Amino acid sequence: TYFGAGKEFLSLDTRRSYDAAVRASLSKSPRWRRCGGCDHVMVIARSLAELAATPRRPRIRQFEIRDEFWANVSKLSHGRPMLWGPPAPNTFGVPYATFLHPASR
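Residues numbered from 1 in each chain as written. Predicted model: local features only at pLDDT ≥ 70, side-chain atom pairs only at ≥ 80, totals over all residues. Heavy atoms only, no water.

## A word on the overall build of the protein
Quick reminder of the rule: A run of DSSP states H or I qualifies as a helix once it reaches four residues; a run of E qualifies as a strand once it reaches two. Both are numbered from the N-terminal end. Contacts are assigned to residue pairs that have any heavy atoms within 4.5 Å of one another. Note on areas: Shrake-Rupley with a 1.4 Å probe; residue coverage comes only from the protein chains shown.
A count of helical and extended segments in the protein gives 2 helices and 5 strands. Starting at the N terminus, the α and β elements of the protein follow one another as β-β-α-α-β-β-β. Restricting the contact set of the protein to residue pairs at least 6 apart, pairs at least 24 apart contribute 50%. Put simply, the protein shows about 7500 Å² of open surface, and 58% of that area lies on carbon and sulfur atoms.

Encoded structure:
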């Protein structure tokens, strides 16, 4: 675990293990296998630019917004658009990701 900007973050090994576990679980799901996640939605609380690999910042064995595994998933995020490389498929900007929480009525 490391700290930055007053927040606690998971270690790189922990993030890589989590990513591998999520992929393995999804790959076993009949719903995922049917269309590679085309009926899944991912709400991302970070900007898309933070999750994109760049020549100076590769994201080896971590979540990467342009990864083919996630290509069919609809991804909702806030922040500025991609600044480097091609746009990530199926990404949509929303004013604030917290607006997507369900109402408690």
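## Details of unusual backbone geometry
Positive phi values are uncommon outside glycine, yet Asn 90 reaches one of about 55 degrees. Inspection of the secondary structure assignment puts Asn 90 in the loop between β4 (74–77) and β5 (91–93).

## Focus on the side chain of Lys 75
Quick reminder of the rule: For each residue, the accessible area found with a 1.4 Å probe, counting protein chains only, is set against the maximum for its type, and the residue is called buried under 20%, exposed over 50%, and partly exposed in between. For the purpose of counting charges, residues Lys and Arg are taken to be positive, whereas Asp and Glu are taken to be negative. His and the chain ends are not included. The working definition used for a salt bridge is a side-chain nitrogen of Lys or Arg within 4 Å of a carboxyl oxygen of Asp or Glu. Counting of polar contacts relies on pairs of N or O atoms within 3.5 Å, with two restrictions inside protein: one atom must be capable of donating a hydrogen and the other of accepting it, and residues adjacent in sequence are counted only when both atoms are side-chain atoms.
Mapped onto the elements of the fold, Lys 75 is located in strand β4. Buried and unpaired, Lys 75 has no salt bridge, with Asp 67 as the nearest side chain of opposite charge at 9.4 Å. Looking at Lys 75, its side chain comes within polar contact range of the main-chain oxygen of Trp 70, at 2.8 Å. For Lys 75, the residues in contact, after removing those within four places along its chain, are Met 42, Ile 44, Ile 65, Trp 70, Pro 89, Asn 90, Thr 91 and Phe 92.

## Regarding helix α1 (residues 12–28)
Stated formally: A helix is expected to span 1.5 Å for every residue after the first.
For α1, built from 17 residues, the straight-helix expectation of 24 Å at 1.5 Å per residue is met to within 8% by its first-to-last C-alpha distance of 25 Å. Where α1 is buried, its residues touch α2 (30–35).

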